[in-house]
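Residue-level structure breakdown
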Amino acid sequence: QVQLVESGGGLVQAGGSLRLSCAASGGTFSRYTMGWFRQAPGKEREFVAAINWNSATTRYADSVKGRFTISRDNAESTVYLQMNILKPEDTAVYYCATSWAITNLPTSYVNWGQGTQVTVSS
């Protein structure tokens, strides 16, 4: 069982940047595809970005393309989400999760972190 811990969330003004981290332990991190999801109050959890085991393939939601970048460091068992040009609609709890394939379906992800809050003020 993989344990995931997100960090790096906070309060930022619109147009600002944040870098989220997700540290993994208890499993073979380098085998997994890693994904980021977010959930705003009253809304369903939505896909943000994913990266395969060797960083050769990435996928982004249309809403974050060109603004967010997912990356990973297998030696550090950590996946990152660099978020630039943040907008108020990016406000949500952000979660990382593991999967065996690149997909935007939450049901395909097995292990989830506890989430980190990102709030973007206008």
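Everything in this summary refers to the structure shown in the same document. Keep in mind the model is a prediction, meaning the values are calculated, not measured.

With respect to the pattern of salt bridges
- Here the structure, examined in full by the defined rule, presents four salt bridges.
- With a shortest N-O distance of 3.2 Å, K65 and D62 are connected by a salt bridge.
- Of the charged contacts, one joins R67 and D90 as a salt bridge, the two residues approaching to 2.8 Å between their closest N and O atoms. Of this pair, R67 sits in the loop between β6 (58–60) and β7 (68–73) while D90 is found in the loop between β8 (78–83) and β9 (92–99), placing the two residues 23 residues apart along the sequence.
- Note on R67: relative accessible area 8%, which makes it buried.
- When its relative accessible area of 0% is taken as the criterion, D90 is described as buried.
- One continuous salt-bridge network, built from bridges that share partners, spans R38, E46, R67 and D90.

Topic: the sheet that holds β6
- With mixed pairing, six strands are arranged side by side in an open sheet as β2-β10-β9-β4-β5-β6. Only two strands of the sheet have a single partner each, and these edge strands are β2 (10–13) and β6. Strand-to-strand twist in this sheet, taken as the mean axis angle between neighbours without regard to direction, amounts to 25°.
- Taken together, the four bridges between β2 and strand β10 (residues 116–121) define a ladder with parallel strand orientation. Note on β10: the bridge partner recorded for L11 is T119.

Scoring rules and cut-offs
Residues numbered from 1 in each chain as written. Predicted model: local features only at pLDDT ≥ 70, side-chain atom pairs only at ≥ 80, totals over all residues. Heavy atoms only, no water. Salt bridge = Lys/Arg side-chain N within 4 Å of Asp/Glu carboxyl O. Helix = DSSP H or I, 4+ residues; strand = E, 2+ residues; numbered from the N terminus. Buried < 20%, exposed > 50% of the residue type's maximum accessible area, 1.4 Å probe, protein only. Pairing = 2+ DSSP bridges. Axes fitted to C-alpha atoms, helices over the stretch in contact; angles between N-to-C directions.

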